[in-house]
Amino acid sequence: MEHAGTQDGNLYEYAENRLKDLSAKGLYRFLRIVDGPQGAKVRLGDQEVLLLCSNNYLGLAGHPKLAEAAAAAAWEFGCSASASRLISGTMRLHERLERKLADFMDRPDVLVFSSGYAANVGCISSLVGSGDVILSDQLNHASIIDGCRLSRAEVKIYRHGDMEHLEFLLERTTGAGKRLIVTETLFSMDGDMAPLVELVKLARRYRCILMVDEAHAIGVQGPRGRGIAEMMGVEQDIDIVVGTMGKALGCFGAFVACPPVLRNYFINHARSFIFSTALPPPVLGAVEAALDIVASEPERRSHVAALAASFYKGFTRIAHAHTGCRVTPATESAVTQIQGLILGEDRIAVALSNALLTRGVYVQAIRPPSVPAGTARLRCSLTAAHTVTDIEYALWAIDEALKEVVARRELSVRAS
Ligand SMILES: *Cc1c(COP(=O)(O)O)cnc(C)c1O
């Protein structure tokens, strides 16, 4: 491997230099090891920390009922599907879970994918191609962006949540082939919601396919946990809903809820579905158990909502006391379990995250390319595993950490 290289030098030197570039910009990332199951608190090395950045929104990831269901499925069906779905990997459990998910979502059909990433990439790239147009929200997740790129369709980005801009673009693409509007419903990094009622109207008026990604909403938002579309009363007006099972459902994998004809279409055309090993029995078993809890314990959803509302009050007060930085979502009426403090500079976000860690609170600094350049942030997420005391402690720590970072003049108090 000594001579592995590129035209202008050694590959390893190249990689080393690119990593140094990232460090110099405050963008270097590394993996932190978490010990023990995911919960309100986890161990990082020899420190117990309050976890405020996981997507375990209902606190199900470490739930004994999920572990029991996973173990039972492993004993009965083994640990692997051993093939892709179209070869011999479609087991009775896949069929059973897909029916259960369709019932849960109140939709005619569901197709399970190995991940949300695979679902977005596979669905988008199979639905549209060259000659077609995709209209995509500016803040859509990387998996949606990659699906758009892979499709070879023309991609028009509309300003985040801006329906006038979307309509402007729709007016100008009327001669195109198929048109697909795609958006997250609960935006993963800002915690705000897409205007689904308006999106449904525009999709109808301009005869577009409407696809929504409920990754952060399934299980936790909507009266029955079916997401933002349920909350806004437009479930039956959306062609394709993507949901994940690795976030609020505490497991892994994803699903697509759609009419039967589209399910058959994806089975035949979505390459990330076709060319990948089917989800294994323990995961499928655990998701079934998670769905039972989502249905039988609505108090988990109300608990997260109450924590989110009280966190937001403290978070905005503290942010405004020490900085001129913006908190997302912008208004109290639109608060969700995801809340961010937009710090701007990458270094500052890292400094604040580190200052929090010394106080026993773990919140990752979110930097580009996960968010647009210049919008590095602290992204906090509340879960049903947290208690009121946890939230009070987190707010105290954020207050102290912000004071420290401001005192070190890393963050200036400026009006925004
Ligand atoms: C996490 C996420 C995905 C990817 O889902 P995985 O199952 O983790 O691959 C897709 N879309 C959005 C909006 C996400 O936040």
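On a predicted model such as this, the values are computed, not experimentally measured, just so you know.

Student: Just to check I follow, could you spell out the site of the ligand for this structure?
Tutor: Gly116, Tyr117, Asp213, His216 and Lys247 are the nearest of the 14 residues found near the ligand. In this structure, Asp213 approaches the ligand through a side-chain N or O atom, which is 2.6 Å from a nitrogen atom. With respect to the ligand, the side chain of His216 contributes an N or O atom lying 2.5 Å from an oxygen atom. In the complex, 83% of the free accessible area of the ligand, which totals 380 Å², lies under the protein chains. At three residues, the largest contribution of residues to the shell around the ligand is made by helix α5 (residues 116-127).

Student: When you look at the packing of helix α14 (residues 346-357) against helix α15 (residues 388-407) in this model, what are you seeing that I'm missing?
Tutor: When two helices pack together, you describe them by how their axes are tilted relative to each other and by the distance separating the axes. At a closest axis distance of 9 Å, the pairing of α14 and α15 adopts a crossing angle of 130°. With respect to α15, the element α14 is oriented oblique. Considering how the two elements wind past one another, α14 and α15 form a crossing that is right-handed. Taking contact as the criterion, the partners of Ala351, Leu352, Ala355 and Leu356 in α14 are, on α15, Ala397, Ile398, Ala401, Leu402, Glu404 and Val405. Its residues assigned to classes, the contact of α14 with α15 shows nine nonpolar, no polar and one charged.

Student: I'm lost on the environment of Arg204 in this one. Help?
Tutor: Locating Arg204 in the fold gives a position in helix α8 (residues 196-205). When its relative accessible area of 57% is taken as the criterion, Arg204 is described as exposed. Spatially, the C-alpha atoms of Arg204 and Asp237 are 8.8 Å apart, while their sequence positions differ by 33 residues. Engagement of the side chain of Arg204 in a polar contact is seen with the side chain of Asp237, the distance being 2.8 Å.

Student: Any chance you could explain the layout of surface pockets here in plain terms?
Tutor: Over the atoms rolls a probe the size of a water molecule, and in doing so it shows where empty space is left. The volume enclosed by the largest pocket comes to roughly 1300 Å³. For the lining of the largest pocket, the class distribution of residues is 18 nonpolar, 15 polar and seven charged.

Student: What am I meant to see in the pattern of salt bridges here?
Tutor: A side chain of one charge can pair with a side chain of the opposite charge when the charged atoms of the two come close. Summed over all chains, the structure comprises 25 salt bridges. Here Arg18 and Asp21 are joined by a salt bridge, their closest N and O atoms 2.9 Å apart. Highlighted residues: Arg18 and Asp21, both in helix α1 (residues 11-24), separated by three residues, approximately one helical turn. When its relative accessible area of 32% is taken as the criterion, Asp21 is described as partly exposed. One salt bridge connects Lys403 with Asp399, and the closest N-O pair in it is separated by 3.9 Å. Taken together, the positions of Lys403 and Asp399, both in helix α15 and four residues apart, correspond to about one turn of that helix. Look at Lys403 and you get partly exposed, because its relative accessible area is 38%.

Conventions we followed
- Residues numbered from 1 in each chain as written.
- Predicted model: local features only at pLDDT ≥ 70, side-chain atom pairs only at ≥ 80, totals over all residues.
- Heavy atoms only, no water.
- Near = heavy atom within 4 Å.
- Polar contact = N/O pair within 3.5 Å; in protein donor to acceptor, adjacent residues only side chain to side chain.
- Areas by Shrake-Rupley, 256 points an atom, 1.4 Å probe, with all protein chains shown as cover.
- Helix = DSSP H or I, 4+ residues; strand = E, 2+ residues; numbered from the N terminus.
- Axes fitted to C-alpha atoms, helices over the stretch in contact; angles between N-to-C directions.
- Parallel < 35°, antiparallel > 145°, perpendicular 65-115°, else oblique.
- Left-handed = near helix turned anticlockwise from the far one by under 90°.
- Contact = heavy atoms within 4.5 Å.
- Nonpolar A, V, L, I, M, F, W, Y, C, P; charged D, E, K, R; others polar.
- Buried < 20%, exposed > 50% of the residue type's maximum accessible area, 1.4 Å probe, protein only.
- 1 Å grid on protein atoms, 1.4 Å probe; cavity = no way out; pocket = protein on both sides within 12 Å on 5 of 7 lines; lining within 4 Å.
- Points joined across faces, edges and corners; volume = space filled by probe spheres on them.
- Salt bridge = Lys/Arg side-chain N within 4 Å of Asp/Glu carboxyl O.

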